[in-house]
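Notes for the structure review
Each chain, written out:
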Amino acid sequence: GDSVTQMEGPVTLSEEAFLTINCTYTATGYPSLFWYVQYPGEGLQLLLKATKADDKGSNKGFEATYRKETTSFHLEKGSVQVSDSAVYFCALSDDFNKFYFGSGTKLNVKP
Amino acid sequence: EAGVTQSPTHLIKTRGQQATLRCSPISGHTSVYWYQQALGLGLQFLLWYDEGEERNRGNFPPRFSGRQFPNYSSELNVNALELEDSALYLCASSLGDGYNEQFFGPGTRLTVL
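Procedures and definitions
- Residues numbered from 1 in each chain as written.
- Chains lettered and ligands numbered in written order.
- Predicted model: local features only at pLDDT ≥ 70, side-chain atom pairs only at ≥ 80, totals over all residues.
- Heavy atoms only, no water.
- Salt bridge = Lys/Arg side-chain N within 4 Å of Asp/Glu carboxyl O.
- Buried < 20%, exposed > 50% of the residue type's maximum accessible area, 1.4 Å probe, protein only.
- Pairing = 2+ DSSP bridges.
- Helix = DSSP H or I, 4+ residues; strand = E, 2+ residues; numbered from the N terminus.
- Axes fitted to C-alpha atoms, helices over the stretch in contact; angles between N-to-C directions.
- Contact = heavy atoms within 4.5 Å.
- Disulfide = S-S within 2.5 Å.
- Core = buried A, V, L, I, M, F, W, Y, C linked by side-chain atoms within 4.5 Å.
- Polar contact = N/O pair within 3.5 Å; in protein donor to acceptor, adjacent residues only side chain to side chain.

1. A short note on the pattern of salt bridges
One pass over the structure, following the stated rule, counts nine salt bridges over all chains. As a salt-bridge pair, A:K52 and A:D55 come within 3.3 Å of each other at their nearest N and O atoms. One salt bridge in this structure joins B:R67 and B:E75, with 3.3 Å as the shortest N-O distance. The class for B:R67 is partly exposed, based on a relative accessible area of 45%. Assessed through its relative accessible area of 10%, B:E75 is described here as buried.

2. What to know about the sheet that holds strand β7 (residues 64-68) of chain B
Residues and elements named next belong to chain B. As summarised here, the arrangement of the four strands in space is β1-β3-β8-β7, forming an open sheet in which the pairing is antiparallel. Of all strands in the sheet, those with a lone pairing partner are β1 (5-7) and β7, marking the two edges. Geometrically, the sheet is characterised by an average inter-axis angle of 20° between neighbouring strands, direction not taken into account.

3. Here's the deal with the environment of A:S103
Mapping A:S103 onto the fold places it in the loop between β11 (99-101) and β12 (105-110). What makes A:S103 partly exposed here is its relative accessible area of 41%. It is 12 Å that separates the C-alpha atoms of A:S103 and A:V37, two residues lying 66 residues apart in sequence. Apart from the residues within four sequence positions on either side, A:S103 is in contact with A:Q6, A:F89 and B:G42.

4. Thoughts on the state of the cysteines
By definition, a disulfide links two cysteine residues through a covalent bond between their sulfur atoms. Residues and elements named next belong to chain A. Across all of its chains, the model carries two disulfides over all chains by this definition. One disulfide bridge connects C23 with C90, the sulfur atoms lying 1.9 Å from each other. Judged by the sign of its S-S torsion, about -65°, the bond between C23 and C90 is left-handed. Pair noted here: C23 is in strand β4 (residues 23-26) and C90 is in strand β10 (residues 86-93), with a separation of 67 residues, a long-range link.

5. Things to note about the sheet that holds strand β9 (residues 75-77) of chain A
All names here are of chain A. Overall, antiparallel pairing links the four strands, which are arranged β3-β9-β8-β7 in an open sheet. On the outer flanks of this sheet lie β3 (19-21) and β7 (56-59), each paired with one strand and no other. For this sheet, the mean inter-axis angle between neighbouring strands, taken without regard to orientation, is 15°. Pairing of β3 with β9 involves three bridges; the strand directions are antiparallel.

6. What about the nonpolar core?
In this structure, A:L19, A:W35, A:L47, A:L48, A:F73, A:L75 and A:Y88 are the most contacted members of the largest nonpolar core, which totals 26 residues. Elements supplying a minimum of two residues to this core: β2 (11-14), β3, β4, β5 (32-38), β6 (44-50), β8 (62-65), β10 and β12 of chain A. Looking at which element gives the most residues to this core, the answer is β10(A), with four residues. Apart from the residues within four sequence positions on either side, A:L75 is in contact with A:L19, A:T20, A:I21, A:W35, A:L47, A:L48, A:F62, A:E63, A:A64 and A:Y88. B:L11, B:V32, B:A38 and B:F64 belong to the second largest nonpolar core, which has 22 residues in total.

7. Observations regarding the side chain of B:N77
Residues and elements named next belong to chain B. One can find N77 in strand β8 (residues 74-78). Assessed through its relative accessible area of 12%, N77 is described here as buried. For N77, the side chain forms a polar contact with the side chain of T20, separated by 2.8 Å. Those residues in contact with N77, other than ones at most four positions away along the chain, are Q18, A19, T20, R63, F64, S65 and G66.

Here's what the structure looks like:
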């Protein structure tokens, strides 16, 4: 069945460091891919999405490219801030609108 | 515009009891999704309702059930509670079938003693 695998955390970075959180997926059909973010004490918020191969989603300095050849959707940001500290979830929706989430990666950014 | 709301915020039950969780979607959204977020396990898809009908369900036993009302709000019922059911239950809504952008509520923390 479909699934999402993302790198385990926590990831600890200093402010202004480069961020990569790896996400790979297994899917039949043509899934859409998402990154959600969960700030402490809050619900999940959509960060960015891509609906087809080679699409790049971007928001708030974060970006991710839908790579069909490597079945990946890695999240990147060039310079992280303390306010980016949160849990990041990679997810896919299949052709039947069923969602699969990764286990989440906690990011800690230190000043 | 009001977001997705869930009630109660916290719920404490004992083993064997039943729990009822409620969700109100964003106005204009017809789809409601339920997820279980157990500690360290990420989000597990539970149920998807659209236009009052159950459209899909995840790999959970039948004691997890729910319904969607004519105003598109939804209830999640968990019968015969077990200790392992302790988790954060998240509700999300979307514009409907074919719209895959989901908006999440803050969740209900269920504790089973």
